[in-house]
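Here's the letter readout for the chains.
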Amino acid sequence: MYPARLLASIRLKISGAIEAAQEAAVASGFDLKKDRADLIFNITAAYWNLFRAREAKAFVDTNVAQVKAHLVDAENLQRQGMITTNDLMKVQVQLSDAQVRAIDADNMVRMALYGLNNTLGLPLQTEITLASTMQRHDRTYPSVDTLVERAMNNRPELAAMQARVRASEAGVTAARGGWWPQLALVGNYNYLNPNQRYFPLKKEFKDSWDVSVSLSFDVWNWLQ
């Protein structure tokens, strides 16, 4: 009866440890998949942030050029007495506002460029030429419930957590193997200079070995 229990204990420990290690490896694989997806998303988001910032700057620069042209016309009209000085000052204020917005747009482009370079691991001052252009596409998307269900089924971090739960359950199985008596066989071989097992000690290499068998059983482990 005892050998059967001993074999059952060994089977539980080995099978549980193997299953726990396998599930941990699966979880690590999903972690890698998640990290790769996060990196792709971060690069894509940084790329399009820079694209939007540059498009916005182009629009603001065009507006500044138009206001400047309007100011030239207003100055000519004011010299001819066709508009008042107050009207000219209104155009000058519009130009000042447009120039402030242009400075803000330029700063946004610079920050977006720094963000993309940082994500790519490039020097922050690296200039990047974007190949994308504005195009209109009519697209339809699934319902929110469908997208949530798809995420619950495919998100790698959720799959990794499920694998870790299974690994923990396998660890419980391995721990149950400790309920039975444990038999251990230990062997040692030493080749030392000097070898402490020889008397009297001599300054020369000597080999020695030993074999031991131990039997242990937890009578009480405080419900560990």
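It should be emphasised that the depicted structure is a prediction, and the values quoted were computed from it without experimental measurement.

What counts and how
- Per chain, the residues get numbers from 1 upward, laid out in the order the sequence is written.
- The predicted origin of the model limits local features to residues at a pLDDT of at least 70 and limits the giving and counting of side-chain atom pairs to 80 or more, whereas totals for whole chains, interfaces and linings rest on all residues.
- Derived side-chain values reflect all non-hydrogen atoms in the structure, with water molecules and hydrogen atoms excluded from consideration.
- In this text, helices come from DSSP runs of H or I with a minimum length of four residues, and strands from runs of E with a minimum of two, each type numbered from the N-terminal end.
- Just to be clear, the radius of gyration here is over C-alpha atoms, and the globule rule we use is 2.2 Å times residues to the power 0.38.
- The rule is simple: take the accessible area with a 1.4 Å probe, protein chains only, and divide by the maximum for that residue type; under 20% is buried, over 50% is exposed, in between is partly exposed.
- Contacts are assigned to residue pairs with any non-hydrogen atoms lying within 4.5 Å of each other.
- Classification of ring pairs rests on two measures: the distance between centres of Phe, Tyr or Trp rings, Trp counted by its six-membered ring, which must be within 6.5 Å, and the angle between planes, read as stacked under 30 degrees, edge-to-face over 60 and tilted in between.
- Whether a charge lies above a ring is judged from NZ of Lys or CZ of Arg, which has to be within 6 Å of the ring centre and within 35 degrees of the ring normal.
- The term polar contact refers here to a pair of N or O atoms within 3.5 Å; inside protein, the definition further demands a hydrogen-donor-capable atom paired with an acceptor-capable atom, and it admits residues adjacent in sequence only when both atoms are side-chain atoms.
- Buried and open spaces are told apart on a 1 Å grid over the protein atoms alone, a cavity being a set of points where a 1.4 Å probe fits but cannot get out and a pocket being an open set with protein on both sides within 12 Å along at least five of seven lines. Residues with an atom within 4 Å of a point are the lining residues.
- Grid points are joined across faces, edges and corners, and a volume is the space filled by probe spheres set on the points.
- Lys, Arg, Asp and Glu make up the charged group, whereas Ala, Val, Leu, Ile, Met, Phe, Trp, Tyr, Cys and Pro make up the nonpolar group; the residues left over, Gly among them, are polar.
- Any helix carries an expected span of 1.5 Å times its number of residues minus one.
- The reported arc concerns the directions from the helix axis to the C-beta atoms and nothing else.
- A pairing counts as a salt bridge when a side-chain nitrogen of Lys or Arg comes within 4 Å of a carboxyl oxygen of Asp or Glu.

**Student:** So what's going on with the overall build of the chain? Which residues, and what values?
**Tutor:** Looking only at helices and strands, the chain has four helices and two strands in total. Reading the helices (α) and strands (β) of the chain from amino to carboxyl end gives α-α-α-α-β-β. On C-alpha atoms alone, the chain measures out to a radius of gyration of 37 Å, which is more than a quarter above the 17 Å that the 2.2 N^0.38 rule sets for 224 residues. Expressed along its principal axes, the backbone C-alpha trace of the chain runs to roughly 120 × 60 × 35 Å. Every one of the 224 residues in the chain was classed for burial, and the buried ones make up 18%. Counting contacts in the chain only where the partners sit at least 6 residues apart, residues at least 24 apart contribute 64% of the total.

**Student:** Run through the packing of aromatic side chains, naming residues and quoting values.
**Tutor:** Throughout the structure, instances matching the rule amount to three aromatic pairs. Ring geometry for Tyr47 versus Trp48: centroids 5.2 Å apart, planes at 85 degrees, classification edge-to-face. Taking relative accessible area as the criterion, Trp48 reaches 35% and is therefore assigned partly exposed. Measuring from centroid to centroid gives 5.1 Å for Tyr191 and Phe205, while their planes differ by 15 degrees, and the two rings are stacked. Of this pair, Tyr191 sits in strand β1 (residues 182-192) while Phe205 sits in the loop between β1 and β2 (206-216), and the two are 14 residues apart along the sequence. Within the aromatic cluster, the residues linked to one another by ring pairs are Tyr47, Trp48 and Phe51. Of note, Lys206 hangs over the ring of Tyr198, and the distance from its end group to the ring centre comes to 5.1 Å.

**Student:** Describe in detail the side chain of Asn117, supporting the description with residues and values.
**Tutor:** Topologically, Asn117 is positioned in helix α2 (residues 85-120). On the basis of relative accessibility, which here comes to 0%, the residue Asn117 falls in the buried class. Engagement of the side chain of Asn117 in a polar contact is seen with the backbone oxygen of Pro123, the distance being 3.4 Å.

**Student:** Please provide a residue-by-residue account of unusual backbone geometry, values included.
**Tutor:** The linkage connecting Asn193 with the following residue, Pro194, adopts the cis geometry, with an omega of -5 degrees. Residue Pro200 is bonded to the preceding Phe199 through a cis peptide linkage, with omega at -10 degrees.

**Student:** I'd love a proper account of the layout of surface pockets, names of residues and values included.
**Tutor:** Of the pockets and cavities examined, the largest pocket occupies roughly 250 Å³. In terms of lining residues, the largest pocket is bounded by Ala175, Arg176, Gly178, Trp179, Phe217, Asp218, Val219, Trp220, Asn221 and Gln224. For the lining of the largest pocket, the per-class residue count stands at five nonpolar, three polar and two charged.

**Student:** Report on helix α4 (residues 156-176), specifying residues and quantitative values.
**Tutor:** Between its first and last C-alpha atoms α4 spans 30 Å; for 21 residues at 1.5 Å apiece the expected length is 30 Å, and the two agree. By the burial criterion, the buried members of α4 are Pro156, Ala159, Ala160, Ala163, Ala167, Ala170 and Ala174. Viewed end-on, α4 has its buried residues packed into an arc of 100 degrees, placing them on one side of the element.

**Student:** Mind laying out the environment of Leu130, listing which residues take part and the relevant values?
**Tutor:** By the secondary structure assignment, Leu130 is in the loop between α2 and α3 (144-154). Overall, Leu130 belongs to the buried group, its relative accessible area being 15%. C-alpha of Leu130 to C-alpha of Tyr47: the two residues are 83 residues apart in sequence and 8.2 Å apart in space. Those residues within four positions of Leu130 in sequence are excluded, and the remaining contacts are Tyr47, Leu50, Phe51 and Arg54.

**Student:** Can you explain the environment of Phe41? Please cite residues and give values.
**Tutor:** Counting through the fold element by element, Phe41 comes out in helix α1 (residues 2-79). With 152 residues separating them along the chain, Phe41 and Asn193 place their C-alpha atoms 61 Å apart.

**Student:** Kindly report on α2, identifying the contributing residues and their values.
**Tutor:** End to end, α2 covers 53 Å across 36 residues, agreeing with the expected 52 Å (1.5 Å per residue, within 8%). One or two steps after α2, the chain reaches Gly121, where phi turns positive at roughly 75 degrees.

**Student:** So, the pattern of salt bridges: which residues are in play, and what are the values?
**Tutor:** A full pass over the atoms with the stated rule returns nine salt bridges. In this structure, Asp31 and Arg164 form a salt bridge, with 2.4 Å as the shortest nitrogen-oxygen distance. Of the two residues, Asp31 sits in helix α1 while Arg164 sits in helix α4, which places them 133 residues apart along the sequence. For Asp31, a relative accessible area of 23% puts it in the partly exposed group. Taking the relative accessible area as the measure of exposure, Arg164 reaches 39% and is therefore partly exposed. Of the charged contacts, one joins Asp38 and Lys34 as a salt bridge, the two residues approaching to 2.8 Å between their closest N and O atoms. A residue pair is termed a helical-turn pair when its members lie 3 or 4 positions apart in one helix, as Asp38 and Lys34 do in helix α1 at four residues. Here Asp38 falls in the partly exposed class, since its relative accessible area comes to 30%. For Lys34, a relative accessible area of 26% translates into the label partly exposed.

Keep in mind that these numbers describe shape and distance, not what the molecule does.
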